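In case you want the letters, here they are:
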Amino acid sequence: MGDSIGDSLIEIDDKEEVEDPFLAFVDYARAVISPEQDEIEEEEEDVRKKNPSEAVTEVSGPGWGWIASRLLKTCTAYSSGVTAAILLSDLSQGWHEQNKPGMSKKKPELIDQLNKSHRRKRLANTVTIDSIYEKNFLSMNSVLEAVVIKADLLPGTNIFMLTLGDFWSSNTIDLYLHRRYYELVETPNGILRKGREVLITGCYLRTAREGCGTPRLLPTEYLVILLDEDEEEDAIFIVAQLCSDTFSSVSLDDFNNGTSYSLYARIESIGPLESELKFSTAHRRQIALVDADGVKLKFILWGDQVIVANLMSVGSMLGLERPYISSLEESAMEGKDEFCLEYGSATHLYIVPSTLQEETVCVSLSQNQCQGSKLLGSVGVSQVTLPRDAKGSIDFSNYPFRTNITDCRDKTTGISLYGVVTDILCDPNATGVVFSLKIEDTTGAIWARLHFNSYWSLGRLGLGHVVYVSGLSCKTTKENCLEVLWHEGNEKATFINLSCLPAFLTSSCLHKVSTLSQISKQRKPAINICRVKLDEIDQCHSINTRLSHSVCGHFIDEESPLHGGNLHCSFCRVTFNSNGGSEVVRTFHIMITLADDETTKLYAWCTGQSASAILQISPDEFCDLPEDDQLMYPSSLENEWFLVTLANSGGRSLSHKMEATCWEITRALKI
């Protein structure tokens, strides 16, 4: 759901400062694991004092989002609770592993020479040669960004072996070259020679235990040769070998009569993986190409070939030597084009990466960040340098501060948001599984579209729940709306519901126990944790059990027999038959009066795990009790003490009905 640029952010005036223990720990952790940042700030302090409005810093430590994601993933793994020492140890280990220096073994001199001009960002699935040796494993969809150290014939054979290195490793590794590339190394000036950068995927690793002294890579068909237009030799090759034909000159009849083509075009888009085609069930990817004349054609990857898309990036130039030309009918494609391009048995691919021109930009900090930062605010930082890719999007993945909703802007990626959920809608008309989520923080509110791989996978999420979302991107639509997107398949995508994390109840370093009167005045998004006793379980409704959808945790509506008697989940917009199957489970729905040491009382409701924890019995076990025992059961629990997490839904449910109370118990622990 998009918001107009002028109206997309709902401003919230909240001058009352209440420190959030989780946010405070994130700031504290960054100062502990990256103390060198303080030294950088001290060196630049004199410069900033002279011209504070132009103060700029280039942050070297971990970003705010990286720390928050790592902390929450550790909390998810340790459901029984964590200590500050555990969290800091895990953060420190993770950061130093990610940024550890190379091994003591000297890199090939050729790699060091090339590294001086290496400005490409690593691809998403890239692994290093050192990691292959460390793990003794290589998955089929892993990518090697390598440099050819040497290309030789094995003695006494006609088999070519490439020795490969990379920019991040001390080790080298040998690759048995696939025969489709022999013509590129057999000639004296063959393009696949010493110093050439290549991208490789689809490799099998032959380990030392399988017959050779060192690990080697078995032949793969999926190799792409990198070219640099700034290098004279490569520029000549592009003009002479790859620009000899245009899309307009391609003829399907001529191709069928033996004509081959060499083409050069920009990658406009890389389509999603599809599993169901009109005439086939094979996987495919569609790469949209545009040549120098503005003519468009589709390049199709089928079956195992789809992993070649991992070697490509939007905006890069793609050279295709001898592509296979197929009709739309043969390719099971729909469209106005007469034909499309395919990766044939004789096809060679070349790429000029767009990210060679990556730059950095200065991002001005918001007033909240300048005033609220304990790390950089004290020395007057007003701007931070961040990378911008070839598409013009600014990457906030390493941003040192928490990103506020008012900081969301056009052409940004790697955004992390921490706030409270105020609405969720399923989009039944979208392609795939898409939900729109409204999230609010102290600066405003905004809608984000969540794209799931196959189904809702976030468990129970309700109004008033505090969440952390990373891997968001923002762009402006044609209607001048700011669109915020989240894709589950994105490697940087994280979505964690802090209100339902069991570790928060037992981790004193991440929470502060509040009284019921304090949380009733709390306006900021926060994890409300209170020590309470059960004063009374609502006798009017006794203890209710209802059917719920195990995938999303929300209640299921039962249709009358006159309308088929089906079961319907209004949250996921799915319908089940009358028996429901494994996705339909029985759960509690109870109303409780809570009291604390100050004798303040609060009316709350709960369901699912929190209700079972409070009642200390499962729904099925409760239903098996005699009716008299069920009626007497609530009175046996009164005055028992619990540590609970409370969320404020504002008295509204996802069905937009008014609830008897605005407070939901999202987690409970008997004490």
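Anything mentioned here points back to the structure above.
Residues numbered from 1 in each chain as written. Predicted model: local features only at pLDDT ≥ 70, side-chain atom pairs only at ≥ 80, totals over all residues. Heavy atoms only, no water.

### Re the overall build of the chain
Thinking step 1. Secondary structure assignment for the chain yields 16 helices and 35 strands.
Thinking step 2. Counting over 671 residues, the chain shows a buried share of 50%.
Thinking step 3. Residue pairs at least 24 apart in sequence account for 64% of intrachain contacts in the chain once pairs closer than 6 positions are excluded.
Thinking step 4. When the accessible surface of the chain is split by element, carbon and sulfur atoms take 48% of a total near 31,800 Å². (Helix = DSSP H or I, 4+ residues; strand = E, 2+ residues; numbered from the N terminus. Buried < 20%, exposed > 50% of the residue type's maximum accessible area, 1.4 Å probe, protein only. Contact = heavy atoms within 4.5 Å. Areas by Shrake-Rupley, 256 points an atom, 1.4 Å probe, with all protein chains shown as cover.)

### Describing the packing of aromatic side chains
Thinking step 1. Under the counting rule described, the total for this entry stands at 21 aromatic pairs.
Thinking step 2. With a centroid separation of 5.7 Å and 65 degrees between ring planes, the pair formed by Phe452 and Trp486 is classed as edge-to-face. Residue Phe452 is located in strand β22 (residues 444-452), and its partner Trp486 is located in strand β24 (residues 481-487); the two are separated by 34 residues in the primary sequence. Each member of the pair, Phe452 as well as Trp486, is classed as buried. (Phe/Tyr/Trp six-rings, centres within 6.5 Å; stacked < 30°, edge-to-face > 60°.)

### Some points on the pairing of strand β33 (residues 601-607)
Thinking step 1. Most of β33 is tucked away, with 5 of its 7 residues classed as buried.
Thinking step 2. Taken together, the 7 bridges between strand β32 (residues 584-595) and β33 define a ladder with antiparallel strand orientation. Within the sheet, the bridge partner assigned to Ile592 lies in β33 and is Ala604.
Thinking step 3. Between β32 and β33, which pair antiparallel in sequence order, lie 5 residues; one of them, Thr599, sits at a positive phi of approximately 65 degrees. (Pairing = 2+ DSSP bridges.)

### Details of helix α1 (residues 21-33)
Thinking step 1. With 13 residues, α1 extends 18 Å between its outermost C-alpha atoms, agreeing within 8% with the 18 Å of an ideal straight helix rising 1.5 Å per residue.
Thinking step 2. Listed in full, the buried residues belonging to α1 are Phe22, Leu23, Phe25, Val26, Ala29, Arg30 and Ile33. Along α1, the residues classed as buried sweep out an arc of 160 degrees about the axis, all on the same side.
Thinking step 3. Its side-chain oxygen at 2.8 Å from the backbone nitrogen of Phe22, Asp20 defines the N-terminal cap of α1. (Expected span 1.5 Å × (residues − 1). Arc of directions from axis to C-beta. Polar contact = N/O pair within 3.5 Å; in protein donor to acceptor, adjacent residues only side chain to side chain.)

### Points about unusual backbone geometry
Thinking step 1. One non-glycine residue, Gln616, adopts positive backbone phi at about 60 degrees.
Thinking step 2. Examined against the element boundaries, Gln616 turns out to sit in the loop between α14 (608-615) and α15 (619-623).
Thinking step 3. Classification of Gln616 by relative accessible area gives partly exposed; the value is 40%.
Thinking step 4. We note that Asn639 has phi near 75 degrees; this positive angle belongs to a residue other than glycine.

### Some points on the nonpolar core
Thinking step 1. Of all hydrophobic cores here, the largest spans 65 residues; its most connected members are Leu192, Leu289 and Phe299.
Thinking step 2. There are two domains that each give this core at least three residues, and those are domain 1 (109-114 + 122-220) and domain 2 (232-352).
Thinking step 3. In this structure, Leu417, Leu463, Trp486 and Phe576 belong to the second largest nonpolar core, which totals 42 residues. (Core = buried A, V, L, I, M, F, W, Y, C linked by side-chain atoms within 4.5 Å. Domains from an automatic or database assignment.)

### Examining the sheet that holds strand β30 (residues 567-569)
Backbone hydrogen bonds hold the strands of a sheet together, and the pairing may be parallel or antiparallel.
Thinking step 1. The sheet built from 3 strands is open, its strands ordered β29-β30-β31 with antiparallel pairing. Lying at the two open borders of the sheet, with one neighbouring strand each, are β29 (557-558) and β31 (574-576).
Thinking step 2. Pairing between β29 and β30: 2 bridges, direction antiparallel. Across the sheet, the residue bridging to Asp557 is His568, located in β30.

### A closer look at the packing of α1 against helix α3 (residues 64-77)
Thinking step 1. Across the interface, α1 lies against α3 with an axial gap of 10 Å and an inter-helix angle of 110 degrees. Compared by their axis directions, α1 and α3 come out roughly perpendicular. Relative to α3, the crossing made by α1 is right-handed. The segment α1 lies against α3, with Phe22, Leu23, Phe25, Val26, Asp27, Ala29, Arg30 and Ile33 engaging Trp64, Trp66, Ile67, Ala68, Leu71 and Leu72. (Axes fitted to C-alpha atoms, helices over the stretch in contact; angles between N-to-C directions. Parallel < 35°, antiparallel > 145°, perpendicular 65-115°, else oblique. Left-handed = near helix turned anticlockwise from the far one by under 90°.)

### A word on the side chain of Ser470
Thinking step 1. Note on placement: Ser470 falls in strand β23 (residues 466-476).
Thinking step 2. With sequence-adjacent residues up to four places away left out, Ser470 is seen in contact with Ser69, Ile415, Ser416, Trp486, Lys492, Ala493 and Thr494.

### Let's talk about the pairing of β32
Thinking step 1. By the criterion of burial, β32 is predominantly enclosed, with 10 of the 12 residues buried.
Thinking step 2. Looking at chain direction, strand β28 (residues 544-549) and β32 are connected through 6 bridges and run antiparallel. Of the residues in β32, the one forming a bridge with Thr545 is Phe588.

### Here we look at the side chain of Asn497
Thinking step 1. Of note, Asn497 is situated in strand β25 (residues 494-497).
Thinking step 2. Judged by relative accessible area, Asn497 falls into the buried class, the value being 10%.
Thinking step 3. Of the polar contacts made by the side chain of Asn497, one reaches the backbone nitrogen of Ser499; its length is 3.1 Å.
Thinking step 4. If we ignore the near neighbours within four places in the chain, the residues touching Asn497 are Arg460, Leu461, His465, Val466 and Val467.

### What about the environment of Gly65?
Thinking step 1. In this structure, Gly65 sits in helix α3.
Thinking step 2. Judged by its relative accessible area of 11%, Gly65 is buried.
Thinking step 3. Placed 336 residues apart in sequence, Gly65 and Phe401 show a C-alpha to C-alpha distance of 8.0 Å.
Thinking step 4. With residues near it in sequence (within four places) discarded, Gly65 still touches Tyr399, Ser416 and Tyr468.

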